[in-house]
Amino acid sequence: MKPTVALVGRPNVGKSTLFNRLTRSRDALVADQPGLTRDRHYGHGRVGEKPYLVVDTGGFEPVVDEGILFEMARQTLQAVDEADAIVFLVDGRTGITPQDKIIANRLRQNDRPVFLVVNKAEGISQSIAGAEFHELALGEPLAISAAHGDGVRELMEMVLDPFPAATDEKEARHPKFAVIGRPNVGKSTLVNAILGEERVIAFDQAGTTRDSIYIDFERDDHTYTIIDTAGVRRRGKVNEAIEKFSVIKTMKAIEDANVAVLVLDAQLDISEQDATIAGFALEAGRALVVAVNKWDNIDGEQRELVKREIARKLGFLDFAKFHYISAIEGRGIADLFKSIDEAYRAAMVKLATPKLTRVLQVAVERQAPPRVGQVRPKMRYAHQGGMNPPIIVIHGNALEKVPDSYTRYLEHTYRKVFKLQGTPLRVQYKSAE
Ligand code: GDP
Ligand code: GDP
């Protein structure tokens, strides 16, 4: 499972500069789409074979204990609790400040590994940059320049050293789906409705609040794993205390699933949080099914309005199926499973090179990629470069000139020909000069 790294430090030390550097290469994977909100505090990074999640906790203000700043500090503390490693930035140009000391004190109380990083150290030697920060008693300070990139790779290699490299173990034998959504939309009710009907084979009582619960069950002779981010089974019937919503938990569940089931509350407007969570699933390339819940509480006239609002605000999820369900009455669940199965099949599809190439040829014959100046991109063949999401790699010449609109045309064609409903699909290019 991908580790999570939290970037912590007082304002202006360079957290967001470092965040941008760490997440930049991944950003290019998802084209900006209307309505897709991307939360600039959470992102994906990778060093060599090691992928990770990174959180920018910008706004940590431990000296203030009221109002919005306190709220931010609380969120930061949650991120610190949930992360697997903490990168604590200080500013090599200004030296130690009282705020650095307060943060250091908090971090020393935590049991997570902390890496003390002296930023803005371009042109300064490691030993000089770090010297005065030994006082923070958080080990050997590491000098970097987030702006110029010096020392960043070395830092991340060190941070990720204890974590294993990514294994390409996406070949799950059965669908593994995560039930995600903001608080109170009905995730627990849905998980209970699903499990109430089925035979539970095993469930894994996860250790900490940052972990989801994994439950294996059978339905119509098929095995599934549900990843329960709401923690229904942990809460049990005795202690119904509502769990704190955790973005990191949600992101980890999405990463580990083949299919994400996004639960929305039909009674409420689509919020920015809904769109952000949907964006995480899209960014991770996961297959997606949307369950618009509490449909029992919406009357006929409202239903049309709700559907229209969803189409408008979540238009970027046009590859996903939407279901209008009532978790509390157990309605719509059978159809939901049909879409989960369909999305799973699409996400894990294996497409042979000759077939992909044939479809490419037909598509190009019907509409060739536009000429750019003197050059017309030439597409020769296609092969599958990955699954969950399916990645189709097109080989040829001058392919860096292909406009986005043409890429979307190819995506659309592949989706239609191979009936890939429910999963994002990526077309990438490889030019032979
Ligand atoms: P944050 O508030 O911790 O997120 O800090 P920012 O990333 O917004 O950076 C604050 C300021 O420091 C900006 O003006 C950055 O351009 C600058 N900065 C960030 N990293 C470096 C660095 O490595 N070297 C120098 N000289 N300036 C930097
Ligand atoms: P979670 O925080 O996403 O796990 O949400 P819960 O499952 O705890 O549900 C939040 C509230 O919505 C509870 O009061 C549920 O009884 C209610 N609720 C959940 N599903 C439905 C539904 O299908 N219809 C109606 N009317 N209420 C529901």
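Calculation criteria
- Residues numbered from 1 in each chain as written.
- Chains lettered and ligands numbered in written order.
- Predicted model: local features only at pLDDT ≥ 70, side-chain atom pairs only at ≥ 80, totals over all residues.
- Helix = DSSP H or I, 4+ residues; strand = E, 2+ residues; numbered from the N terminus.
- Buried ≥ 20, exposed ≤ 12 C-beta atoms within 10 Å, placed from the backbone.
- Contact = placed C-beta atoms within 7 Å.
- Core = buried A, V, L, I, M, F, W, Y, C linked by C-beta atoms within 7 Å.
- Pairing = 2+ DSSP bridges.
- Axes fitted to C-alpha atoms, helices over the stretch in contact; angles between N-to-C directions.
- Arc of directions from axis to C-beta.
- Near = placed C-beta within 6 Å.
- Nonpolar A, V, L, I, M, F, W, Y, C, P; charged D, E, K, R; others polar.
- Expected span 1.5 Å × (residues − 1).
- pLDDT = per-residue confidence, 0-100.
- Right-handed = clockwise from strand over helix to strand, strands pointing away.
- Left-handed = near helix turned anticlockwise from the far one by under 90°.

1. Concerning the overall build of the chain
Then, number 1: Summing up its helical and strand segments, the chain has 13 helices and 16 strands in all.
Then, number 2: Burial statistics for the chain: of 433 residues in total, 39% are counted as buried.
Then, number 3: Within the chain, contacts between residues at least 6 apart in sequence are counted, and of these 73% link residues at least 24 apart.

2. Re the nonpolar core
Then, number 1: Among the nonpolar cores identified, the biggest contains 108 residues, and V259, A260, V261 and L262 are the most heavily contacted of them.
Then, number 2: Those residues in contact with L262, other than ones at most four positions away along the chain, are I180, G181, I277, A278, A281, L288, V290 and A291.

3. Observations concerning the sheet that holds strand β15 (residues 391–397)
Then, number 1: Spatially, β14-β15-β16 is the arrangement adopted by the three strands of the open sheet, whose pairing is mixed. Edge positions in the sheet fall to β14 (378–386) and β16 (426–431), since each has one partner strand and no second. When the angles between neighbouring strand axes are averaged without regard to direction, this sheet yields 30 degrees.
Then, number 2: The pairing of β14 with β15 spans seven bridges and is antiparallel. From the neighbouring strand, Q384 faces β15, where its bridge partner is I392.
Then, number 3: Sitting on the sheet, helix α12 (residues 353–366) is in contact with β14 and β15, with an inclination near 140 degrees to β14.

4. A few points about the environment of S271
Then, number 1: As for its placement among the helices and strands, S271 is situated in the loop between β11 (259–265) and α9 (272–284).
Then, number 2: Residues S271 and R182, 89 residues apart in the sequence, show an inter-C-alpha distance of 9.4 Å.

5. Focus on helix α3 (residues 98–108)
Then, number 1: All of the buried residues in α3 are D100, I103 and A104. Within α3, the buried residues cover an arc of 105 degrees as seen down the axis, which keeps them to one side. Away from the buried face of α3 by more than 90 degrees, exposed residues P98 and N105 are located.
Then, number 2: Structurally, α3 contributes buried residues whose contacts are with β1 (4–8) and β4 (85–91).

6. Observations regarding the site of ligand 1
Then, number 1: Not every one of the 16 residues close to ligand 1 is listed here, only the nearest: G14, K15, S16, T17 and A147.
Then, number 2: The element that contributes the greatest number of residues to the shell around ligand 1 is helix α1 (residues 15–27), accounting for three residues.
Then, number 3: In terms of residue class, the shell around ligand 1 is built from four nonpolar, nine polar and three charged.

7. Some points on the sheet that holds strand β5 (residues 114–119)
Then, number 1: Sheet architecture is open: six strands sit in the order β2-β3-β1-β4-β5-β6, paired in mixed fashion. The open sheet has two edge strands, β2 (42–47) and β6 (142–143), and neither has a second partner.

8. Focus on helix α11 (residues 333–347)
Then, number 1: With 15 residues, α11 should cover 21 Å at 1.5 Å per step; its first-to-last C-alpha distance of 21 Å lies within 8% of that length.
Then, number 2: Every buried residue of α11 is accounted for by L336, S339, I340, A343, Y344, A346 and A347. For α11, the buried positions fall inside an angular range of 160 degrees around the axis, keeping them on one side. In this structure, α11 carries A334 and K338 as exposed residues pointing more than 90 degrees from its buried face.
Then, number 3: If you follow the buried residues of α11, they end up packed against β7 (176–180), β11, β12 (287–293) and β13 (321–324).

9. What to know about the site of ligand 2
Then, number 1: Taken together, 16 residues are adjacent to ligand 2, and G186, K187, S188, T189 and I328 come closest.
Then, number 2: Classifying every residue of the shell around ligand 2 gives five nonpolar, eight polar and three charged.

10. Digging into the confidence of the model for the chain
Then, number 1: Looking at the chain, pLDDT values average 87 and 86% of them are 70 or higher.
Then, number 2: The model gives residues 62–72 a pLDDT under 50, and that stretch makes 13 contacts with residues more than four places away or in other chains.
Then, number 3: The ipTM assigned to the predicted complex is 0.84, against a pTM of 0.83.

11. Some thoughts on unusual backbone geometry
Then, number 1: Cis rather than trans, the peptide bond between N388 and P389 has omega equal to 10 degrees.
Then, number 2: Inspection of the secondary structure assignment puts P389 in the loop between β14 and β15.
Then, number 3: Even without being a glycine, K294 presents a positive backbone phi close to 70 degrees.
Then, number 4: Looking at where K294 falls in the secondary structure, it is placed in the loop between β12 and α10 (300–313).
Then, number 5: Among the residues examined, K294 registers 22 C-beta atoms within 10 Å and is labelled buried.
Then, number 6: The phi angle at K419 is positive, at roughly 50 degrees, despite the residue not being glycine.
Then, number 7: Along the chain, K419 turns up in the loop between α13 (404–417) and β16.

12. Considering the pairing of strand β3 (residues 50–56)
Then, number 1: Burial analysis of β3 places five of its seven residues in the buried class, the great majority of the element.
Then, number 2: Counting the residues in the hairpin turn of β2 and β3 gives two residues, including G48, whose phi is positive at 55 degrees.

13. Here we look at the pairing of β5
Then, number 1: Taking burial as the measure, the six residues of β5 include five buried ones, the bulk of the element.
Then, number 2: The handedness of the β4 to β5 crossover, carried by α3, is right-handed.
Then, number 3: Of the strand pairs in this sheet, β5 and β6 are connected by two bridges, and their pairing is parallel. The residue of β6 that forms the bridge with V118 is A143.

14. Some points on the environment of L142
Then, number 1: Mapped onto the fold, L142 is located in strand β6.
Then, number 2: Separated by 53 residues in sequence, L142 and L89 have C-alpha atoms that sit 9.5 Å apart.
Then, number 3: With residues up to four places along the chain from it excluded, the contact list for L142 reads F115, L116, V117, V118, G151 and L155.

15. Focus on the packing of helix α8 (residues 247–256) against α9
Then, number 1: Two elements in contact, α8 and α9, have axes whose closest approach is 10 Å; the angle formed by their N-to-C orientations is 35 degrees. Once α8 is placed against α9, the crossing between them reads as right-handed. Contacts between α8 and α9 involve T250, M251, I254 and E255 from the first element and I277, F280, A281 and A284 from the second.
Then, number 2: Of the residues assigned to the contact of α8 with α9, the class counts are six nonpolar, one polar and one charged.

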